[in-house]
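Working through the structure, step by step
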Amino acid sequence: MDNKIEFALKPVAGAAAAGAGFRAILETAKGNAMDLDEVIAEALDRGYIAGVKDALAKSIVKGVLDSMIAGVLRDGITRRIDDYLSVSMKVHGLFRDEHDEFDPARHKLALSLKQLNAFRPTFKDVEATNVNHKRQFRIYSVHSVNADGRNGHIAFGEGFIIKGADFRPDCKSFGVALHVKDGLHSMVSFDPPILSATDSEIRCDWPADFREPIGDGCGEIALGRMENLEESEESKYIRRSIRIKIIPTP
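Residues numbered from 1 in each chain as written. Predicted model: local features only at pLDDT ≥ 70, side-chain atom pairs only at ≥ 80, totals over all residues. Heavy atoms only, no water.

1. Considering the sheet that holds strand S2 (residues 22-26)
Strands in a sheet are paired, the pairing made by backbone hydrogen bonds, and the direction either parallel or antiparallel. The condition is simple: In this description, strands pair whenever DSSP reports at least two bridges between them. Helix and strand assignments follow DSSP, with helices taken as H or I runs no shorter than four residues and strands as E runs no shorter than two, numbered in order from the N terminus. Throughout, an axis means a line fitted to C-alpha atoms (over the contacting stretch in the case of helices), and angles, computed between N-to-C directions, take values from 0 to 180 degrees.
Taken together, three strands build an open sheet; the order of strands is S2-S1-S6 and the sheet is mixed. One side of each edge strand has no neighbouring strand; the edge strands of this open sheet are S2 and strand S6 (126-130). In this sheet, adjacent strand axes meet at a mean angle of 35° when their direction is disregarded.

Below, the structure written as structure tokens:
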């Protein structure tokens, strides 16, 4: 995904702070705003405007906007740019009756700029990320190296791939275990050899001592490691697991 927006969370201050939590501040923009020259240059660079010089493009854009404003002030008719925006006239203030005249002391004219549907995108192609987000120790998927890749299905006798987050394979007591139910519904455990491991992916070989199918093939893959408690020297053992189904080798 190319469109990535980063934000940081800041505590809500003032009277609204009680129980209000945090508000997002865009980090991608870092408080900057592009001026018209930069906006025109970007549009030219990305091909949204073609066949004209930047000075002419800037003049056209400003001319259209100035014309819309002047036109609405002249006759009050709303000006609209397709499905992007509209500029209209509003009259604020209360009138005493249907014959009451406009009084500058009680009434006010104002321009209204309204964003239309083009300014309400779905954001389906935009990824928003908290720059201070702490990834959680999770298993997202497990599948065989050579099978169909269906999550939770591993082929008997084949290596498999575990994907997730914050694995920390260098941590103390890190390990992978394969637990399978036998015919009596008890768990039989195996230690698959770890071929490679990163924070987000672990590749395991099939356990050499797991030579024959057991029970109905249902079980789980489990990961475990030590983790320091926040603001403490103490550690605790944490474990994550995902259910699996062992299928015949294709």
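2. Some words on the packing of aromatic side chains
The condition that has to hold: To pair, rings of Phe, Tyr and Trp, with the six-membered ring standing in for Trp, must have centres within 6.5 Å; the planes then decide the type, stacked if under 30 degrees apart, edge-to-face if over 60, and tilted in the middle. In this scheme, a residue with accessible area under 20% of its type's maximum is buried, one over 50% is exposed, and one in between is partly exposed, where area comes from a 1.4 Å probe on protein chains only.
According to the stated counting rule, one finds six aromatic pairs in the structure shown. Considering the side-chain rings of phenylalanine 156 and phenylalanine 210, the 5.2 Å spacing of their centres and the 80° angle between planes classify their relative orientation as edge-to-face. In this pair, phenylalanine 156 is assigned in the loop between strand S8 (153-155) and strand S9 (160-165) and phenylalanine 210 in the loop between strand S13 (201-204) and strand S14 (218-228), connecting sequence segments 54 residues apart. Of the two residues, phenylalanine 156 and phenylalanine 210, neither departs from the other in class, the shared state being buried.

3. Notes on the pattern of salt bridges
Note the following rule: Here, a salt bridge means any side-chain nitrogen of Lys or Arg that lies within 4 Å of a carboxyl oxygen of Asp or Glu.
The tally for this structure, following the rule as stated, stands at twelve salt bridges. With its nearest N and O atoms 2.9 Å apart, the salt bridge here joins lysine 58 to aspartate 37. With lysine 58 in helix H2 (residues 54-75) and aspartate 37 in helix H1 (residues 36-45), this residue pair connects regions lying 21 residues apart in the sequence. Residue aspartate 37 is classed as partly exposed on the basis of its relative accessible area, which comes to 45%. Between aspartate 166 and arginine 225 there is a salt bridge, with the nearest N and O atoms lying 3.1 Å from each other. Taken as a pair, aspartate 166 in the loop between S9 and strand S10 (175-181) and arginine 225 in strand S14 lie far apart in primary sequence, 59 residues in all. For the pair shown, aspartate 166 and arginine 225 are each scored as buried.

4. Section: the packing of H1 against H2
For any two helices packed against each other, the geometry is given by the interaxial angle and the distance between the axes. Operational definition: Should an angle lie under 35 degrees it is considered roughly parallel, over 145 roughly antiparallel, and from 65 to 115 roughly perpendicular; all remaining angles are considered oblique. Throughout, a crossing is termed right-handed when the near helix is turned clockwise from the far one, and left-handed when it is turned anticlockwise from it by less than a right angle. Whether two residues are in contact is decided by their heavy atoms: any pair within 4.5 Å suffices. The nonpolar class holds Ala, Val, Leu, Ile, Met, Phe, Trp, Tyr, Cys and Pro. Asp, Glu, Lys and Arg form the charged class, and all remaining residues, Gly among them, are polar.
At a minimum axis distance of 10 Å, the contact between H1 and H2 shows a crossing angle of 115°. Of the possible angle classes, the one that applies to H1 and H2 is roughly perpendicular. Read as a crossing pair, H1 and H2 show a hand that is right-handed. Contacts between H1 and H2 involve Leu36, Asp37, Ile40 and Leu44 on the former and, on the latter, Asp54, Ala57, Lys58, Val61 and Lys62. In the contact of H1 with H2, the residues fall into five nonpolar, no polar and four charged.

5. Quick word on unusual backbone geometry
Not every positive phi belongs to a glycine, and aspartate 166 is a case in point at roughly 60°. Despite not being glycine, serine 173 has its phi angle at roughly 65°, a positive value. For serine 173, the position within the fold is in the loop between S9 and S10.

6. Regarding the nonpolar core
Quick note on the threshold: Residues belong to one nonpolar core when they are buried, are Ala, Val, Leu, Ile, Met, Phe, Trp, Tyr or Cys, and are joined through side-chain atoms within 4.5 Å.
Counting 24 residues, the largest nonpolar core has Ile162, Leu178, Phe210 and Ile221 as its most contacted members. Examining the composition of this core, we find that four residues originate from one element, strand S15 (residues 235-247), more than from any other. If we ignore the near neighbours within four places in the chain, the residues touching phenylalanine 210 are Phe156, Leu178, Val180, Phe190 and Ile246.

7. Considering the sheet that holds strand S12 (residues 194-197)
Strand order in the open sheet made by the four strands is S7-S9-S13-S12, with antiparallel pairing throughout. The open sheet has two free edges, formed respectively by strand S7 (138-144) and S12, since each of these has just one partner strand. If you compare each strand with its neighbour and ignore which way they point, the axes differ by 15° on average. Pairing analysis gives three bridges linking S12 to S13, with the strands arranged antiparallel. Along S13, the bridge assignment pairs alanine 197 with isoleucine 202.

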